[in-house]
Amino acid sequence: MSKILKYRLKPEIALDEEAFEQFISAKVKGDTHWKLLKRSIDARSRKVQVNVEIGLYDQEDPWAIEYQKPSEDVSGKPEVIIVGAGPAGMFAALKCLEMGVKPIILERGKDVRARRRDLAAINKDHVVNPDSNYCFGEGGAGTYSDGKLYTRSKKRGDVRRILEMLVTYGSTEKILVETHPHIGTNKLPKVIADIRETILSRGGEIHFDTRVEDLIVQNGVLKGVKTASGYTFEGLGVILATGHSARDIFRLLDRHKVKIESKPFALGVRVEHPQTVIDKIQYHCDSRGEYLPAAAYSLVTQTNYQEIRRGVFSFCMCPGGFIVPAATEPGELVVNGMSPSRRDSKYANSGIVVAIENEDLEKYENNGEFRALNFQADVEKAAWRAGGETQVAPAQRLADFVSNKQSQDLPECSYQPGLNSVKFSDFLPESINQRLKNGFKDFGNKSKGYLTNEALIVGVESRTSSPIHIPRDRDTFEHIELKRLYPCGEGAGYAGGIMSAAIDGEKCAEALINQYLK
Ligand SMILES: Cc1cc2nc3c(=O)[nH]c(=O)nc-3n(C[C@H](O)[C@H](O)[C@H](O)COP(=O)(O)OP(=O)(O)OC[C@H]3O[C@@H](n4cnc5c(N)ncnc54)[C@H](O)[C@@H]3O)c2cc1C
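Right, let's walk through the structure included here. Given the structure is predicted, the values throughout are model-derived calculations rather than measurements.

Cut-offs applied
Residues numbered from 1 in each chain as written. Predicted model: local features only at pLDDT ≥ 70, side-chain atom pairs only at ≥ 80, totals over all residues. Heavy atoms only, no water. Pairing = 2+ DSSP bridges. Helix = DSSP H or I, 4+ residues; strand = E, 2+ residues; numbered from the N terminus. Near = heavy atom within 4 Å. Polar contact = N/O pair within 3.5 Å; in protein donor to acceptor, adjacent residues only side chain to side chain. Areas by Shrake-Rupley, 256 points an atom, 1.4 Å probe, with all protein chains shown as cover. Axes fitted to C-alpha atoms, helices over the stretch in contact; angles between N-to-C directions. Contact = heavy atoms within 4.5 Å.

## With respect to the pairing of strand β8 (residues 221–227)
(1) Moving on: Two elements, strand β7 (residues 212–218) and β8, share 6 bridges in a ladder whose sense is antiparallel. Bridged to V212 within β8 is T227.
(2) Moving on: Hairpin connection between β7 and β8: a loop of 2 residues separates the two successive antiparallel strands, and N219 in this loop has a positive phi of roughly 50°.
(3) Moving on: Direction of pairing for β8 relative to strand β9 (residues 232–234): antiparallel, over a ladder of 3 bridges. When the sheet's bridge partners are listed, K226 is paired in β9 with T232.
(4) Moving on: Counted along the chain from β8 to the antiparallel partner β9, the turn is 4 residues long, and its residue G230 has a positive phi close to 90°.

## Thoughts on the site of the ligand
(1) Moving on: Of all residues adjacent to the ligand, which total 37 residues, the nearest are E107, A141, K148, E490 and I498.
(2) Moving on: The backbone of P87 places a nitrogen or oxygen atom 3.3 Å from an oxygen atom of the ligand.
(3) Moving on: In the model, an oxygen atom of the ligand is placed 2.9 Å from a nitrogen or oxygen of the A88 main chain.
(4) Moving on: Relative to its free-state accessible area of 1,000 Å², the ligand is covered by the protein chains to the extent of 96%.

## A look at the sheet that holds strand β6 (residues 205–207)
(1) Moving on: Pairing is parallel in the open sheet, where 5 strands are placed in the order β6-β5-β4-β10-β22. Edge positions in the sheet fall to β6 and β22 (485–487), since each of these pairs with one other strand and no more. Adjacent strand axes in the sheet meet at a mean angle of 20° when their direction is disregarded.
(2) Moving on: Bridging between strand β4 (residues 79–83) and strand β10 (residues 238–240) involves 3 bridges; their strand directions are parallel. When the sheet's bridge partners are listed, I81 is paired in β10 with V238.
(3) Moving on: Sheet contacts for helix α6 (residues 188–201): β5 (102–106) and β6; angle to β6, the most-contacted strand, approximately 125°.

Have a look at this one:
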């Protein structure tokens, strides 16, 4: 017998482990087991409430985790080549193990531990290693992130499966319960290392410091890949899961005349408020108190510029987090955000970005399929120059930005490499600049206190999604022209975040193996 109970509780009961256990114990009788199934904070009215769902059962837990680590040894089995050890690549490898196929992952960056030194070098010495940075290395762009696990995917089965897998590889079970689950940058490396251990112990291979530099194509079929150190890897097929920042891979595909397409994406800035400002707006109180977590927000509006409407929206909001330097090459400046699991820094940051369509890039039209990528790269270079040609980032107080005034001074900020006070209008394309201003004005009207000089903007937030799409067949997942190439994850334009990239990785591996394993 099983049953679900729903309650609407005060935060001091729902979010305090002891008080919550006492509350439930008083409701549940005898030998009945209980389990927290769902928890969401409802801050729409003045009094913040927490909605919870409890599952009751007698013997067998109907909500138990179904996923089990693969057990078969795949040494000596047919091989699949996976380029990239981000969420797409790693979950593709786990699916290979499950289906009795040997995954060989080739990753240009280092393992999660060794990668830390290169992140320190970006923050302290402003040195960007083009193979090891916030985007490249084991775990991909998601490792040193907030580890938010939301997705717009409506396939609940797929989402639950990935969450169960993450729990099996060491994440807290809370991610199965929260409406907006996140893992936190301090906890993600352990999960990734556990996935790596599983892949290796079951006979798979992972080669770090191994950048793929060429394709081996024969008669319209992709046979394998060549690495920078001259090794070749061949297999049943190649899953290309290189992420949105592998510009060299897009150029490589173009050199081989593999069809790629320019893709709409979004670009803007990262805004950082004191967390207390956001808590006050979202929770309608002076202090969020002991129980409520650092508040998050999601904002969206439409703006007109030269009579063309485009969306301006918040992206990858990190409560209690940090702004980080996410460039992948020297000579460019890119920012992004991350948070630790407790989300306990003093700052709330979020990307605020403008949607960019292919038709907005007239000036770049002649660059063909690279027009969005070249636009993105030009803005990043302009930001780098504005910052002072290091990883020091251009910044402006928020209200000053909206009224086009240079800030006399800048507030404290979580961005480690440092800030340079600039006018964003001096280097951001006018269409982006105007839309951002209008967007911030609208956000200020909707959320009183948001448009304040206590906040600052830091630039530029440009790696929101891939500027290139690698087209594949809807049903087989294979590239529409080049056989045995499986474009996968965010870099190919089929995912936008950790969850959707992981789902896509599994799907590509499954499709490839079903198609080519005889
Ligand atoms: C700072 C930051 C914070 C983020 N926060 C979140 C968040 O909280 N939640 C969320 O859902 N998403 C977040 N994202 C986005 C998320 O990380 C990506 O959507 C996701 O990682 C995409 O997965 P992927 O596997 O497709 O590609 P990636 O994670 O980009 O992985 C691609 C991998 O391919 C490797 N590679 C590239 N070129 C080559 C080559 N030539 N040879 C060999 N290897 C190569 C790279 O080194 C990299 O490891 C964040 C991103 C950043 C940068």
